[in-house]
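One letter stands for each residue in the lines below.
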Amino acid sequence: MIGNAHIDAVWLWPWQEGYQEARATFRAALDRIKEYPDFVFTCDSVAYLAWIEEHDPALFAELREQVRAGRFEIVGGWWVEPDCNIPGGEGFVRHALYSQRFLADRFGVMASVGCNVDPFGQNAMIPQLLLKSGMDSYVFMRPQPQEAELPGPTFWWRAADGSQVLTYRIPHEYCGPAGHLGVHVGKALAQLPHTTDPLMCFYGVGNHGGGPTRANIDSIHELNGSDQFPRMVFSTVEAFFDAAAAAGDLPEYTGEIQPHGVGCYSAHSGIKRQIRRTEHALQAAEKWTAVAGAVAGMPAVTDQFERAWRQVLLNHFHDTAAGTALPAAYDDARDQLGEARSIAARLQNRAIQSISRQIAIPAEEGMAPLAVFNPHPWPVETTVEVEFGSRLGDGAVVAVDDAGRRMPVQVARSSTLTGGRRLLVVPVELPPLGYRLYRLYGDNAAVAVAGDGTVLENEHLRVEVDPGTGWLSALVHKATGANLAGDGAHAAVLDDPTDTWGHGVVSYRDVIGRFTPTSVCLLENGPVRQVLRIDSEYGASRLREDLVLSRDARYLEVRVTIDWHERLKMLKLRFPTGLTGVTATHAIPYGHIERTTDGHETVSHTWIDVSGAGAGLSVLNDAKYGCDVADGDIGLTALRSPPYAWHTPQPLPEDGDYEAMDQGVQRFTYRLLPHAGDRREAGTARAAAELDQRPVALLESFHDGPMLRHRSFGEVRDAGNVVITVLKRAEDGDGYVVRGYETDGVAGTATLHLPFLRRTVLAEFEPHEIKTLFVPDDRDEPVVETDLLEGPLTSPDDLA
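Residues numbered from 1 in each chain as written. Predicted model: local features only at pLDDT ≥ 70, side-chain atom pairs only at ≥ 80, totals over all residues. Heavy atoms only, no water.

Looking at the overall build of the chain
Part 1 of the reasoning: Tallying secondary structure elements over the chain gives 15 helices and 43 strands in all.
Part 2 of the reasoning: Relative to the globule expectation of 28 Å for 800 residues, the C-alpha radius of gyration of the chain, 28 Å, shows essentially globular dimensions.
Part 3 of the reasoning: Projected onto the principal axes, the alpha-carbon positions of the chain cover approximately 95 × 65 × 50 Å.
Part 4 of the reasoning: Nonlocal contacts in the chain, meaning residues at least 24 apart in sequence, comprise 72% of its contacts between residues at least 6 apart.
Part 5 of the reasoning: The averaged location of the 108 negative side-chain charges in the chain is 6 Å from the averaged location of its 71 positive side-chain charges. (Helix = DSSP H or I, 4+ residues; strand = E, 2+ residues; numbered from the N terminus. Rg over C-alpha atoms; globule rule 2.2 N^0.38 Å. Contact = heavy atoms within 4.5 Å. Lys, Arg positive; Asp, Glu negative; His and termini not counted. Charge placed at Lys NZ, Arg CZ, Asp CG, Glu CD.)

This is the structure we're talking about:
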């Protein structure tokens, strides 16, 4: 019997109320511990302990005493119970990194049990993430038995890399009534097998905190003397798993555990976009501050990054990230995530300018220097946009790189109408995790202007737009000749009367209309890119898609602006490919998974791919999660508009007076990446990373310096299936941490070249592996593999 109090930090109340309820709940738990010598309390979510520490030190001291006594168990090892699909892979790592280190520092223990009782589905990488952060077991509740069949309540859950954790699905409920527990325990037993193996039942008033009551505890004592119930023991989750492991052979399960409420992955577009942007802003800033520390003497700022990451982790909370909280929660989330992005932006700017000021840039009349920084440890060829004044005249512009190569710069309309500003679109070829300096000059060539036409074309792609439908009639991959624009509506409007979570939904199929085009216009047709704008409408809502095809791009970029004014409807952007017999692969945190193509709504991360018959299409995006794949047709759920925090069977107000989600303007970007073969040939995982973390362009000035006009600080070689996501100072300040993951399900050896540290490392990556390396400051010390907590590789038993 596991006495607990599930605390929703945010849900139908703001975080300030959650802050108070944590204190009240822990006070009550300590009182029950004093009153009942056999009672044990279990707590998860390290954020709540941090809250107590910062405002009630006396209570915190009592908690520490009971942890040492074994009466107050800490499980979870993560900052909060996050949504277990929306955070990025590195987001999950930071939950463990900051939480487990907090526990070790304040309590002298680390959690050995992962615990997420309330989130709405479990991604397939969780076993590896847990095992590499000191946890060998896991407890959850959703999805429940009627939603997802599992081999039993207790089983070994295995990730694709072979990592496995002993796992238990809570029967019936994770919280219970305030009174007698007979009915509660009976319902739990009804979902469990008849067995002599140990079983586990959670009890205690929850959601808004509370915990076990005297009536709860007294009823357990009463029921334990009854022949109608099994023997009940006040215990810990860790003790249960020890007993379960000792009981004998248990079944195994491999893969994800989905779904519960599929609608929540498209509820509240704003929070999804803010989480994605903030996670990647912090990762990029960490890279540049690490480099700047070595080459420009920038002090370590790990404390500032932890402060920022804590704000992100708090907003991973499942009801916040899933879009199922009250409206005011998203004002707080905007401010908290804004603080984190502000920290990232400030530190990245400081780091980049600390590096850039050391580039030798001699003065030259009529020249403007532009330094462009690539955050990825592989070469990137793309375009950057720079708002620019009139110092180069009002004609054409040319860029010259460090090798003297001249390339035209496209001049486009500025976002401002004042001061003679222009938008320069500069084609760049950037070294891995490094920079290149471009010199901009005025030129006598004609400035490109908008023209007519509905065709975009470069060496790799031919794109044709049908003005009648407002979408592609052709998306031709020239290398294979495959046309990946099939028949069917693109911007489809669906009836969506389901609640905020999408409870009971398997798929969204009820199309009630589509956006119809009002204008198709070629905005730019120049030497660097072509831009075609499609405006369309549905009812009072407007959709704008700017199709951007750059000169050497292998993808079509689409910049979306939606002005939405519908309620209880959904917008799906569909990409029919015409392919049959496809394999559908979806990005998940630090990994990928293949799923059926049955049209069921699901959740994906930065990309989705369908491949078959020697060709395929990857759809990359920077803000969306909900999707479906029906045969070769990819559907990206752009938005839903249910009421805030509406949970069936609660009826809607008869007068229709409620606030619906996603009203007004929102923006995001997606890219269509046609390819030969499958997504491995396309480098889809790296292409998605390039969309989420883009180069930084900095207009510079003239100055002396020791650095050349181009430089690479780090590169991953020999392994296109490895994406390096993290380069940062170690938390303990005695070296650097490098983290990456294998993207294709194929073992390989990556050569990590880190010239700014004068290090080259060979790293063996097993299929689907997340690998972390520690690079000591002392070059006489070897580079070693470490766990996600930046400690020596250990097993959970060693940590305990």
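Further notes follow.
Quick notes on the sheet that holds strand S8 (residues 202–203)
Part 1 of the reasoning: One open sheet holds the four strands; their spatial order is S3-S2-S1-S8, and the pairing between them is parallel. Edge positions in the open sheet fall to strand S3 (72–74) and S8, since each of these has one partner strand only.
Part 2 of the reasoning: Sheet topology places strand S1 (residues 2–4) next to S8; two bridges connect them, and they run parallel. Looking at the pairing, Ile2 lines up with Phe202 of S8. (Pairing = 2+ DSSP bridges.)

Quick notes on unusual backbone geometry
Part 1 of the reasoning: Of note, the bond from Gln258 into Pro259 is cis; its omega dihedral lies within 30 degrees of zero at -20°.
Part 2 of the reasoning: Within the fold, Pro259 resides in the loop between strand S9 (252–254) and helix H9 (269–295).
Part 3 of the reasoning: Geometrically, the link from Thr648 to Pro649 is a cis peptide bond, its omega value of 10° lying close to zero.
Part 4 of the reasoning: Within the secondary structure, Pro649 is located in the loop between strand S33 (633–640) and strand S34 (664–676).
Part 5 of the reasoning: The residue Leu433 is not glycine, and still its phi comes out positive at about 35°.
Part 6 of the reasoning: Here Leu433 falls in the buried class, since its relative accessible area comes to 4%.
Part 7 of the reasoning: The phi torsion at Ala645 lies on the positive side, around 45°, for a residue other than glycine. (Buried < 20%, exposed > 50% of the residue type's maximum accessible area, 1.4 Å probe, protein only.)

Quick notes on the environment of Gly114
Part 1 of the reasoning: Structurally, the position occupied by Gly114 is in strand S4 (residues 113–116).
Part 2 of the reasoning: Spatially, the C-alpha atoms of Gly114 and Val372 are 42 Å apart, while their sequence positions differ by 258 residues.
Part 3 of the reasoning: Leaving out residues up to four positions away in the same chain, Gly114 has contacts with Gly76, Leu130, Met135, Ser137, Tyr138 and Val139.

A look at the packing of helix H2 (residues 46–55) against helix H3 (residues 57–69)
Part 1 of the reasoning: For the pair H2 and H3, interaxial distance at closest approach is 6 Å and the crossing angle is 130°. Taken together, the axes of H2 and H3 lie oblique to each other. Listed contacts from H3 to Leu49, Ile52, Glu53 and His55 of H2 are Pro57, Leu59, Phe60 and Leu63.
Part 2 of the reasoning: The class makeup of the residues in the contact of H2 with H3 is six nonpolar, one polar and one charged. (Axes fitted to C-alpha atoms, helices over the stretch in contact; angles between N-to-C directions. Parallel < 35°, antiparallel > 145°, perpendicular 65-115°, else oblique. Nonpolar A, V, L, I, M, F, W, Y, C, P; charged D, E, K, R; others polar.)

Some words on the packing of aromatic side chains
What characterises a pair of aromatic rings is the spacing of the ring centres plus the angle enclosed by the ring planes.
Part 1 of the reasoning: All chains considered together, the criterion is met by 28 aromatic pairs.
Part 2 of the reasoning: Relative to Tyr741, the ring of Tyr590 lies with its centre 5.1 Å away and its plane at 40°, an arrangement referred to as tilted. In this pair, Tyr590 is assigned in the loop between strand S27 (583–588) and strand S28 (591–595) and Tyr741 in strand S39 (residues 735–742), connecting sequence segments 151 residues apart.
Part 3 of the reasoning: Residue class for Tyr590 comes out buried when judged on its relative accessible area of 5%.
Part 4 of the reasoning: When its relative accessible area of 12% is taken as the criterion, Tyr741 is described as buried.
Part 5 of the reasoning: For the cation-ring pair, Lys624 lies above Phe668, with the distance from its terminal atom to the ring centre recorded as 4.8 Å. (Phe/Tyr/Trp six-rings, centres within 6.5 Å; stacked < 30°, edge-to-face > 60°. Lys NZ or Arg CZ within 6 Å of the ring centre and 35° of its normal.)

Observations regarding the side chain of Asn721
Part 1 of the reasoning: For Asn721, the position within the fold is in the loop between strand S37 (715–717) and strand S38 (722–729).
Part 2 of the reasoning: A polar contact of 2.9 Å, which involves the side chain of Asn721, links it to the side chain of Glu742.
Part 3 of the reasoning: In this structure the side chain of Asn721 is engaged in a polar contact, spanning 2.8 Å, whose partner is the backbone oxygen of Val746.
Part 4 of the reasoning: Once residues within four sequence positions are removed from consideration, Asn721 is found in contact with Tyr741, Glu742, Thr743, Asp744, Val746 and Ala747. (Polar contact = N/O pair within 3.5 Å; in protein donor to acceptor, adjacent residues only side chain to side chain.)

Considerations on the sheet that holds strand S22 (residues 516–525)
Part 1 of the reasoning: Taken in spatial order, the nine strands of this open sheet run S22-S23-S24-S25-S34-S31-S30-S27-S28, and their pairing is antiparallel. Each edge of the open sheet is held by one strand with a lone partner, namely S22 and S28. Shown here is a sheet whose adjacent strand axes are inclined to one another by a mean of 20°, direction ignored.
Part 2 of the reasoning: Two elements, S22 and strand S23 (residues 529–538), share eight bridges in a ladder whose sense is antiparallel. Of the residues in S23, the one forming a bridge with Glu524 is Val531.
Part 3 of the reasoning: Running at roughly 25° to strand S31 (residues 615–621), helix H14 (residues 684–692) makes contact with strand S30 (607–612), S31 and S34 of the sheet.

By themselves, these observations are geometric and do not establish any function.
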